[in-house]
Amino acid sequence: MYAPAGVKTSRDYPIPDTMKAWVLGDPGQLSLREKPVPVPKKAEVLLRIDAVAICATDLEIIYHGPPALIHGGMPHNKNFTPGHEYMGTVVALGPAVDEYRLGQRVTVEIHAGCGQCKRCREGMYTACHNYGLNYGDVDKGHRANGFTTDGGFCEYQVNNINTLVAIPDAMSDEEATLVVTAGTAMYGLTELGGLVAGESVVVTGPGPIGLLGVAVAKALGAQPVILTGTRDNRLKIGGELGADHVVNVTKENAVDAVRRLNGGKGVDYVLECSGAANAVNEAVRMVNRGGKICLAAFPHQETPVDIAEIVRNNIYVYGIRGEGKSATHRAEAFMSQKRFDATKIHTHTFPLDDLPTAIRYAKDRVEDAIKVVVKARGVAATHKVAAE
Ligand SMILES: [Zn+2]
Ligand SMILES: [Zn+2]
């Protein structure tokens, strides 16, 4: 029975010695294995994972490798378990942990920085300078579960207490997996961007971050919030999440539409979530002079950018990696106050054992899948559960 020295557990939450865990083999290959249940160290807890959402970045990692970095290199065939958008129940406390209690429900941020580099000291722990240096005799203490350390496509995982976000009983497991996605949008708009109420925002690309970007921007008091994309069903969800206007770019020129909808002027912010080849140049023409462009998507090719237009117009362009400066806590505050209903982007749930099916739904957008969740318990095998 699981009883590591110095670790506090409870009879109410019995923990086995081994667990089911999906392991990445060659690109695109996942297999279900037994792994030892990990042991929390100082400032860490063990979570029983209750739900985990599939992210486009998981698909990047599983099929291509980056941005995962395992033992300093590609993640394939290293007994690595991916998955990073999870939530669960605290079932064991590492030595001296008193910030959380056994049985508490939490969702997680992905990155625990090293805590000692320049960026970590600034709160930008997703841009830790010791990223991935957490193995062998170069252990700097950095963890990004599902990227540089084992993630959530399994039954239990250890997390640094700094990565935990407490959630209320009323928040479902599925909704809790979406907090980190909303937190990423929050980080891009406020902590990195400086958005304040009354400023105008365009979100390009109605994927999960884009749709929750709309919701967060609206909850922050942005005006107007305009969403652009190609699929009417997703644009409709954007409207339900708070977009004042939606633009289908297959029917109307995106730049013209944005200017028309904003009184002939450019907007203060563009949150670029499409990764489209022309996205940056279009964003440059959507913002006003001195406006800001947050890049939140991974394009698959290098693209020419109109630098002169950026220079002439004093435009700020910045990339965003993950969810720093505790932005997830503020996103969770919006969600627990029901300022927007993130579950509108949750479309399917599968059992953990059916992860390959769940990944196929997410990757091929089967039945218009947006956010697909897997759960180790409480979901009948072979049956998906569509969101209501
Ligand atoms: Zn993600
Ligand atoms: Zn660091």
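Right above here is the structure, for reference.
Residues numbered from 1 in each chain as written. Chains lettered and ligands numbered in written order. Predicted model: local features only at pLDDT ≥ 70, side-chain atom pairs only at ≥ 80, totals over all residues. Heavy atoms only, no water.

As for the coordination of the zinc ion (ligand 2)
Put simply, the rule is: Donor atoms: N, O and S within 2.8 Å of the metal, or within 3.2 Å for Na, K and Ca. Because water is excluded, sites can look incomplete. Square planar and octahedral assignments, for four and six donors respectively, both demand that opposite donors be over 155 degrees apart and that all other angles lie between 65 and 115; tetrahedral needs four donors with all angles between 85 and 135 degrees, and anything else is irregular. Burial classification: accessible surface area is computed with a 1.4 Å probe over protein chains only, and a residue below 20% of its type maximum counts as buried, one above 50% as exposed, and the rest as partly exposed.
For the zinc ion (ligand 2), every protein donor is listed as Cys 114 (SG), Cys 117 (SG), Cys 120 (SG) and Cys 128 (SG), and the spread of their distances is 2.3 to 2.4 Å. Every donor counted, the four donor atoms about the zinc ion (ligand 2) form angles of 103 to 117 degrees at the centre, which fits tetrahedral coordination. Sequence spacing of the donor residues for the zinc ion (ligand 2), all on one chain, is C-x2-C-x2-C-x7-C. Judged by relative accessible area, Cys 114 falls into the buried class, the value being 13%.

Notes on the pairing of strand S9 (residues 156–160)
Note the following rule: Per the convention used, a helix needs a DSSP run of H or I reaching at least four residues, while a strand needs a run of E reaching at least two, with both numbered from the N terminus.
Of all five residues in S9, five are buried, a share of seventy percent or more. In S9, alternate side chains face the same way, and those of Tyr 156, Val 158 and Asn 160 on one face and Gln 157 and Asn 159 on the other are all buried.

Things to note about the packing of aromatic side chains
Worth spelling out the cut-off: A pair of aromatic rings is counted whenever rings of Phe, Tyr or Trp (Trp by its six-membered ring) have centres within 6.5 Å, and the orientation is called stacked for planes under 30 degrees apart, edge-to-face for over 60 and tilted otherwise.
One pass over the structure, following the stated rule, counts two aromatic pairs. Between the aromatic rings of Phe 334 and Phe 340, the centroid separation amounts to 6.4 Å while the plane-to-plane angle is 70 degrees, which identifies the pairing as edge-to-face. Considering the side-chain rings of Phe 350 and Tyr 361, the 4.9 Å spacing of their centres and the 65 degrees angle between planes classify their relative orientation as edge-to-face. Of this pair, Phe 350 sits in strand S17 (residues 346–351) while Tyr 361 sits in helix H11 (residues 355–364), and the two are 11 residues apart along the sequence.

Points about the coordination of the zinc ion (ligand 1)
Surrounding the zinc ion (ligand 1) are the protein donor atoms Cys 55 (SG), His 84 (NE2) and Glu 85 (OE), at 2.0 to 2.3 Å. For His 84, a relative accessible area of 2% gives the class buried.

Focus: the state of the cysteines
Where we set the bar: Cysteine sulfur atoms that come within 2.5 Å of each other are treated as a disulfide pair.
Counting across every chain of the model gives zero disulfides. You can see Cys 273 has no disulfide; the closest cysteine sulfur is in Cys 294, sitting 7.3 Å from it.

Quick word on the pairing of S17
For the record, the criterion: Note: two strands are recorded as paired if DSSP finds a minimum of 2 bridges between them. The definition of a right-handed crossover adopted here requires that, viewed with the strands pointing away, the path from the first strand over the helix to the second runs clockwise.
Among the six residues in S17, six count as buried, and that is most of the element. By the bridge criterion, five bridges tie S17 to strand S18 (residues 371–375) in an arrangement that is parallel. Residue His 346 lies in a different strand from S18, and its bridge partner there is Lys 371. For the crossover from S17 across H11 to S18, the handedness is right-handed.

As for the side chain of His 111
The test is simple: Whenever a nitrogen or oxygen atom comes within 3.5 Å of another N or O atom, the pair is scored as a polar contact, on the condition that within protein one atom can donate a hydrogen and the other can accept it, and that pairs from neighbouring residues in sequence are kept only if both atoms are in side chains.
If you trace the backbone, His 111 turns up in strand S7 (residues 111–112). In terms of polar contacts, His 111 uses its side chain to reach the side chain of Glu 323, at 3.2 Å.

Quick look at a nonpolar patch on the surface
Where we set the bar: Without a salt bridge and with relative accessible area above 30%, a residue can belong to a patch; like charges are then joined within 9 Å and nonpolar side chains (Val, Leu, Ile, Met, Phe, Trp, Tyr) within 5 Å. Every accessible area reported is derived by Shrake-Rupley at a probe size of 1.4 Å, with residue values counting cover from the shown protein chains alone. For salt bridges, the criterion is a side-chain nitrogen of Lys or Arg within 4 Å of an Asp or Glu carboxyl oxygen.
A grouping of Val 305, Ile 307 and Val 311 is seen on the molecular surface, where their side chains present a nonpolar patch of about 270 Å² in accessible area. By the secondary structure assignment, Val 311 is in helix H9 (residues 307–312). Since its relative accessible area comes to 61%, Val 311 is described here as exposed.

Some points on the packing of helix H4 (residues 179–191) against helix H5 (residues 208–219)
For clarity, the cut-off: Structural elements are reduced to axes, namely lines fitted to C-alpha atoms, with helices fitted over the stretch in contact, and the angle between N-to-C directions of any two is expressed from 0 to 180 degrees. In a left-handed crossing the near helix is turned counterclockwise from the far helix by less than a right angle, and in a right-handed crossing that turn is clockwise. The contact definition used throughout considers only heavy atoms, calling two residues in contact when any of these lie within 4.5 Å. Polar here means any residue other than Ala, Val, Leu, Ile, Met, Phe, Trp, Tyr, Cys and Pro, which are nonpolar, and Asp, Glu, Lys and Arg, which are charged; Gly is therefore polar.
Axis separation between H4 and H5 bottoms out at 8 Å; the angle between their running directions is 60 degrees. Here H4 and H5 pass one another in a crossing that is right-handed. Contact with H4, carried on its side by Thr 181, Ala 182, Thr 184, Ala 185, Met 186 and Leu 189, involves Pro 208, Ile 209, Leu 212, Gly 213, Val 216 and Ala 217 of H5 and no other residues of that element. Across the contact of H4 with H5, the residue classes break down as nine nonpolar, three polar and no charged.

Describing the packing of helix H1 (residues 56–63) against H11
As a reminder of what qualifies: Should an angle fall under 35 degrees it is taken as roughly parallel, and over 145 as roughly antiparallel, whereas 65 to 115 is taken as roughly perpendicular and any remaining angle as oblique.
In contact at an axis separation of 10 Å, H1 and H11 are set at 110 degrees when each is read in the N-to-C sense. The orientation of H1 with respect to H11, classified from their angle, is roughly perpendicular. Considering the relative orientation of H1 and H11, their crossing is left-handed. Every residue of H11 that contacts H1 at Leu 59, Ile 62 and Tyr 63 is listed here: Ile 359, Ala 362 and Lys 363.

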